[in-house]
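Each chain is listed here by its residues.
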Amino acid sequence: MKISQLSLFLGLCMLSMLSSVQAQKSKDVTKEIQARNDSFMKAIQSGDLDAIAAFYTEDAKLFPPNSEIIQGRENIRGMWTEFTAQGMPSLIFTTTMAEAIGQTAIEEGAYQVKTPDGQVVDKGKFIVIWKKVDGEWLLHQDIFNTSMPGAE
């Protein structure tokens, strides 16, 4: 095959791949993801660490502020173990937008952490990449940070 024929062939292959990617349209899954968050919040409130961990993919990554990346379902379970040992405040996750392409969804949202008496002790925003595994949306990559002012 001559170079010009090879270039034409490769160009057509690339055009074909781009067309197939563009054919996949994003789907609004905001309600589905909020429903998963509602179930997640219930698991957190119950303190059921196995149920909490089951919301994550096996190779999930958590990107908490002021900390190293926490990788893997079992390590994330350990983080929740430490968090719940300090007493369980109320966590509220609100999905503001979630779009899926295929088996991957990207969520934007906000969170609040409240004491048992209803005082807001933290609030912020997050981005989560969800993966659909066996027909169920699971947290795959989760980054969040506070919107509260830092200590002076």
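Parameters and conventions
Residues numbered from 1 in each chain as written. Predicted model: local features only at pLDDT ≥ 70, side-chain atom pairs only at ≥ 80, totals over all residues. Heavy atoms only, no water. Core = buried A, V, L, I, M, F, W, Y, C linked by side-chain atoms within 4.5 Å. Buried < 20%, exposed > 50% of the residue type's maximum accessible area, 1.4 Å probe, protein only. Helix = DSSP H or I, 4+ residues; strand = E, 2+ residues; numbered from the N terminus. Contact = heavy atoms within 4.5 Å. Phe/Tyr/Trp six-rings, centres within 6.5 Å; stacked < 30°, edge-to-face > 60°. Salt bridge = Lys/Arg side-chain N within 4 Å of Asp/Glu carboxyl O. Pairing = 2+ DSSP bridges. Expected span 1.5 Å × (residues − 1).

**Let's talk about the nonpolar core**
- Phe-40, Ile-52, Tyr-56, Trp-80 and Phe-93 are the most contacted members of the largest nonpolar core, which totals 27 residues.
- Every element with two or more residues in this core is listed here: helix H2 (30-46), helix H3 (49-53), strand S2 (56-63), helix H4 (73-85), strand S4 (90-101), strand S5 (104-114), strand S6 (120-133) and strand S7 (136-146).
- Top contributing element to this core by residue count: H2, with 5 residues.
- Those residues in contact with Tyr-56, other than ones at most four positions away along the chain, are Phe-40, Leu-62, Arg-73, Ile-76, Trp-80, Leu-138, Leu-139 and Asp-142.

**What about the packing of aromatic side chains?**
- On inspection of all chains with the given rule, the structure shows 7 aromatic pairs.
- Judged by centre distance (5.5 Å) and plane angle (85°), the rings of Trp-80 and Phe-83 are edge-to-face. Taken together, the positions of Trp-80 and Phe-83, both in helix H4 and 3 residues apart, correspond to about one turn of that helix.
- Classification of Trp-80 by relative accessible area gives buried; the value is 7%.
- Put simply, the rings of Phe-40, Phe-55, Tyr-56, Trp-80, Phe-83, Phe-93 and Phe-126 touch in pairs and so form one group of aromatic residues.

**A few points about the pattern of salt bridges**
- Under the defined criterion, the tally for this structure stands at 5 salt bridges.
- As a salt-bridge pair, Arg-77 and Asp-50 come within 2.8 Å of each other at their nearest N and O atoms. Taken together, the residues span a long stretch of sequence, with Arg-77 in helix H4 and Asp-50 in helix H3 at a distance of 27 residues.
- Connected through shared salt-bridge partners, Lys-27, Glu-32 and Lys-132 make up one network.

**Notes on the pairing of S2**
- Taken together, the 4 bridges between S2 and S7 define a ladder with parallel strand orientation. Of the residues in S7, the one forming a bridge with Phe-63 is Ile-143.
- Here S2 folds back onto strand S3 (residues 70-71), and the loop between the two strands holds 6 residues, one of which, Asn-66, carries a positive phi near 55°.

**Quick word on H2**
- For H2, with 17 residues, the first-to-last C-alpha span of 24 Å sits near the 24 Å given by 1.5 Å per residue.
- All of the buried residues in H2 are Thr-30, Ile-33, Gln-34, Arg-36, Asn-37, Phe-40, Met-41, Ala-43 and Ile-44.
- Count one or two residues on from H2 and you reach Gly-47, which has phi positive near 75°.

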